Amino acid sequence: MSAKSDATRWGSVAKCLHWLIAIAVIGLLVGGLTMTDMKVSPDKFRWYALHKSFGVTVLVLMLLRFAWRGIDGRPQAVPGVAPIVAFAAHSVHRLFYVALIVMPISGWVYNSA
Ligand code: HEM
């Protein structure tokens, strides 16, 4: 498997960033909802600290992802896909990008306030 993407496949670096971010975000969602319901205890503080570390890591990974995307490009659209479906897929992809930048920054701002 090549590190860089080609016309038909994402490369290993893009796939690796994709899965690292996906796993971290699922963990942050589940961990975030769990930790806020915990009784005040040293464990609760440990969960909060871990949550913040993983949250900031997602922000860094997203910035790396944008930088890599600039160098790497992306596979071409699959031929035969209806324009409306391609537009929907593209829009959802962009919304994920925005959400994954806004969520860690808003968490950081909330925590600092
Ligand atoms: C993609 C990144 C992130 C996701 C998906 C995420 C998700 C969540 C979720 C689901 C909650 C629970 C909300 C609730 O039940 O009220 C939460 C709470 C929290 N998050 Fe994040 N978070 C992210 C990044 C961050 C970052 C970077 C920080 C700080 C540096 C942070 C700080 C906090 C704090 C302090 C709370 C507790 C809020 C409270 O006690 O009411 N989060 N987060």
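Data block above holds the structure.
Since the structure is predicted, the reported quantities are computational estimates derived from the model, not experimental observations.

Caption draft 1: Here's a closer look at a nonpolar patch on the surface. Taken together, Val78, Val81, Ile84, Val85 and Phe87 make up a surface patch of nonpolar side chains, about 510 Å² in accessible area. The residue Val78 is located in the loop between helix H2 (42-72) and helix H3 (83-112) in this model. Under the relative-accessibility criterion, Val78 is labelled exposed at 60%.

Caption draft 2: Representation of the coordination of the iron atom of the ligand within the structure. Coordination of the iron atom of the ligand by the protein involves just one donor, His51 (NE2), at a distance of 2.1 Å. Assignment of secondary structure puts His51 in helix H2.

Caption draft 3: Highlighting the layout of surface pockets. The volume enclosed by the largest pocket comes to roughly 590 Å³. What lines the largest pocket is a set of 21 residues, among which Leu28, Met35, His51, Met103 and Gly107 lie closest to the centre. Only helix H1 (12-36), H2 and H3 provide two or more residues apiece to the lining of the largest pocket. A total of 8 residues in the lining of the largest pocket trace back to one element, the largest contributor, which is H3. Along the lines of polarity and charge, the residues of the lining of the largest pocket split into 13 nonpolar, 7 polar and 1 charged. In terms of lining residues, the second largest pocket is bounded by 15 residues, among which Arg74, Pro75, Gln76, Ala77 and Val78 are the most central.

About the thresholds
Residues numbered from 1 in each chain as written. Predicted model: local features only at pLDDT ≥ 70, side-chain atom pairs only at ≥ 80, totals over all residues. Heavy atoms only, no water. Patch = residues over 30% accessible without salt bridge, like charges linked within 9 Å, V, L, I, M, F, W, Y side chains within 5 Å. Areas by Shrake-Rupley, 256 points an atom, 1.4 Å probe, with all protein chains shown as cover. Salt bridge = Lys/Arg side-chain N within 4 Å of Asp/Glu carboxyl O. Helix = DSSP H or I, 4+ residues; strand = E, 2+ residues; numbered from the N terminus. Buried < 20%, exposed > 50% of the residue type's maximum accessible area, 1.4 Å probe, protein only. Donors = N, O, S within 2.8 Å, 3.2 Å for Na, K, Ca; no water. 1 Å grid on protein atoms, 1.4 Å probe; cavity = no way out; pocket = protein on both sides within 12 Å on 5 of 7 lines; lining within 4 Å. Points joined across faces, edges and corners; volume = space filled by probe spheres on them. Nonpolar A, V, L, I, M, F, W, Y, C, P; charged D, E, K, R; others polar.

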